[in-house]
Amino acid sequence: MVQIPQPAAPASTPAPRHSVPTSADVARLAGVSRATVSYVLNDTGAVRISEATRRRVRAAAEELGYVPHAAARSLRAGHSRVVLMPTPAIPMGPLYNGFVNELQWALGRLDYTVVQHAGRGPRGEETARAWAELRPVAVLVPGSMIGPEGVAVLRRSGARAVVTLGPEPVDGAHALLMDHRGVGHHAGAHLHSRGRRRIGVVMPEEPGLDVFSRPRLEGVRRALRGTGATVTELPLGYDEESAARLAARWRALGLDGVFAYNDEYAMLLMRALQDAGLRIPEDTAVVGADDLMLGRLLRPRLSTVHIDLPAGRDLAALVDRAVREPGGEPERHAVLGAAVVHRESS
């Protein structure tokens with residue numbers, strides 16, 4: 001048996017306890033009123049305060065280590081300044097991560113605090129209740145993680161704005177419509193225009209990515225409908241062994257072009273095809289999506305579908321507008337632009 005050691009007896013003289021600095025402490029050190037401290041640290045523009053006084057208050061707060069109390073601030077405003085972003089349970093890649101970073105910066109400039117929620121519980125109303133416990137003023141939901149019932153739960157809990165990012169709108173929520181069929185359509189049309197008639201489409205085996213890959217496959221099929229070209233689905237894991245197995249049977253498949261879902265899968269497959277002795281683009285043309293910098297460094301350089309995600313500042317402005325006008329009609333915006341960037345691989 002392992003015995004847990006007992007804590008040592010407390011010293012006869014307890015260590016001094018440091019009190020948490022308050023706005024009153026800041027006011028005394030800066031020689032101003034508590035109201036002035038509040039105006040300065042909350043960046044209230046409606047009250048005229050000299051720049052010298054603002055500097056003095058900020059210096060006092062920094063010296064004391066004072067941080068405004070978020071809960072008290074929320075009580076004064078009537079709502080929190082927390083924007084909740086559930087973390088997708090699927091890999092999103094560099095393009096989406098860059099978009100999220102820009103969005104967080106833009107929301108921060110508008111004085112919101114972004115909290116990423118990494119829960120992996122059931123979808124729907126139960127998930128919305130878990131989010132509602134944090135009392136966010138707004139929730140940005142990627143994909144299809146919520147339905148109308150979940151939106152209603154969030155609104156009843158005090159959320160002033162719910163914004164979804166996905167292919168379909170959700171009743172009661174603002175919607176940024178991101179239809180990935182257009183990405184596949186551009187890739188398929190480009191390969192056909194380059195004379196390719198037996199086209200493969202990579203379908204990632206990573207769980208959850210079918211929400212993007214299925215619409216992209218549908219887009220390729222739509223682009224080639226009536227042309228006589230064939231479309232072959234190509235399941236592929238994101239690892240070198242899976243890519244090597246697919247490349248080993250490439251000649252038997254008889255494919256002369258491939259849309260590889262995105263640039264990362266395209267680079268993985270290109271390397272495997274070249275290792276198997278296939279020439280790109282002479283034997284097989286390859287097209288990715290996302291227009292990542294690494295694709296431009298390959299030899300041959302990777303053709304791709306450039307995707308325009310919404311600007312972070314525009315989405316932040318939508319959130320801020322919805323928070324200030326919670327009774328407004330939900331807005332819907334189609335935001336996913338796509339265009340082929342033709343390089344050497346096709």
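Everything numeric in this text was worked out from a predicted model, so none of it was measured.

## Looking at the overall build of the chain
Tallying secondary structure elements over the chain gives 14 helices and 12 strands in all. The 346 residues of the chain split such that 44% are buried. Residue pairs in contact within the chain that sit at least 24 positions apart in sequence constitute 71% of those at least 6 positions apart. Only carbon and sulfur atoms are counted for the fraction: they give 52% of the accessible area of the chain, which is about 18,400 Å².

## Structural notes on the sheet that holds strand 8 (residues 257–259)
Here we have six strands laid out as an open sheet, ordered 7-6-8-9-10-12, and mixed in their pairing. Pairing within the sheet leaves two strands with one partner each, and these edge strands are strand 7 (230–236) and strand 12 (337–341). Recorded for the sheet is a direction-independent mean angle of 20 degrees between the axes of neighbouring strands. Here strand 9 (residues 285–289) pairs with strand 10 (residues 303–308) via three bridges, running parallel.

## Considering the side chain of Ser303
Mapped onto the elements of the fold, Ser303 is located in strand 10. For Ser303, the side chain forms a polar contact with the main-chain nitrogen of Arg343, separated by 2.8 Å. Apart from the residues within four sequence positions on either side, Ser303 is in contact with His190, Val286, Val287, Gly288, Val341, His342, Arg343, Glu344, Ser345 and Ser346.

## Examining helix 1 (residues 23–30)
Every buried residue of helix 1 is accounted for by Ser23, Ala24, Val26, Ala27 and Ala30. Viewed along the axis of helix 1, the buried residues span an arc of 160 degrees, placing them on a single side of the element. Lining the buried residues of helix 1 we find helix 2 (34–41) and helix 3 (51–64). Following helix 1 by one or two positions, Gly31 adopts a phi angle in the positive range, close to 70 degrees.

## Observations concerning the sheet that holds strand 4 (residues 161–166)
If you walk across this open sheet you meet the six strands as 2-1-3-4-5-11, and the pairing is parallel. Pairing within the sheet leaves two strands with one partner each, and these edge strands are strand 2 (113–117) and strand 11 (332–334). Neighbour-to-neighbour, the strand axes of the sheet open up by a mean angle of 15 degrees, direction not taken into account. Where strand 3 (residues 138–142) and strand 4 come together, five bridges link them in parallel fashion. Bridge assignment links Leu140 to a residue of strand 4, and that residue is Val163.

## Structural notes on the packing of helix 1 against helix 3
Two elements in contact, helix 1 and helix 3, have axes whose closest approach is 9 Å; the angle formed by their N-to-C orientations is 125 degrees. By the angle between their directions, the pair helix 1 and helix 3 is classed as oblique. In the packing of helix 1 onto helix 3, the handedness of the crossing is right-handed. Every residue of helix 3 that contacts helix 1 at Asp25, Val26, Leu29 and Ala30 is listed here: Arg56, Val57, Ala60, Ala61, Glu63 and Leu64. A per-class count over the contact of helix 1 with helix 3 returns seven nonpolar, no polar and three charged.

## A word on the environment of Ala187
Locating Ala187 in the fold gives a position in helix 8 (residues 181–193). Expressed as a C-alpha distance, the spacing of Ala187 and Val287, which sit 100 residues apart in the sequence, is 6.7 Å. With residues near it in sequence (within four places) discarded, Ala187 still touches Phe259, Val287 and Val305.

Definitions and cut-offs
- Residues numbered from 1 in each chain as written.
- Predicted model: local features only at pLDDT ≥ 70, side-chain atom pairs only at ≥ 80, totals over all residues.
- Heavy atoms only, no water.
- Helix = DSSP H or I, 4+ residues; strand = E, 2+ residues; numbered from the N terminus.
- Buried < 20%, exposed > 50% of the residue type's maximum accessible area, 1.4 Å probe, protein only.
- Contact = heavy atoms within 4.5 Å.
- Areas by Shrake-Rupley, 256 points an atom, 1.4 Å probe, with all protein chains shown as cover.
- Pairing = 2+ DSSP bridges.
- Axes fitted to C-alpha atoms, helices over the stretch in contact; angles between N-to-C directions.
- Polar contact = N/O pair within 3.5 Å; in protein donor to acceptor, adjacent residues only side chain to side chain.
- Arc of directions from axis to C-beta.
- Parallel < 35°, antiparallel > 145°, perpendicular 65-115°, else oblique.
- Left-handed = near helix turned anticlockwise from the far one by under 90°.
- Nonpolar A, V, L, I, M, F, W, Y, C, P; charged D, E, K, R; others polar.

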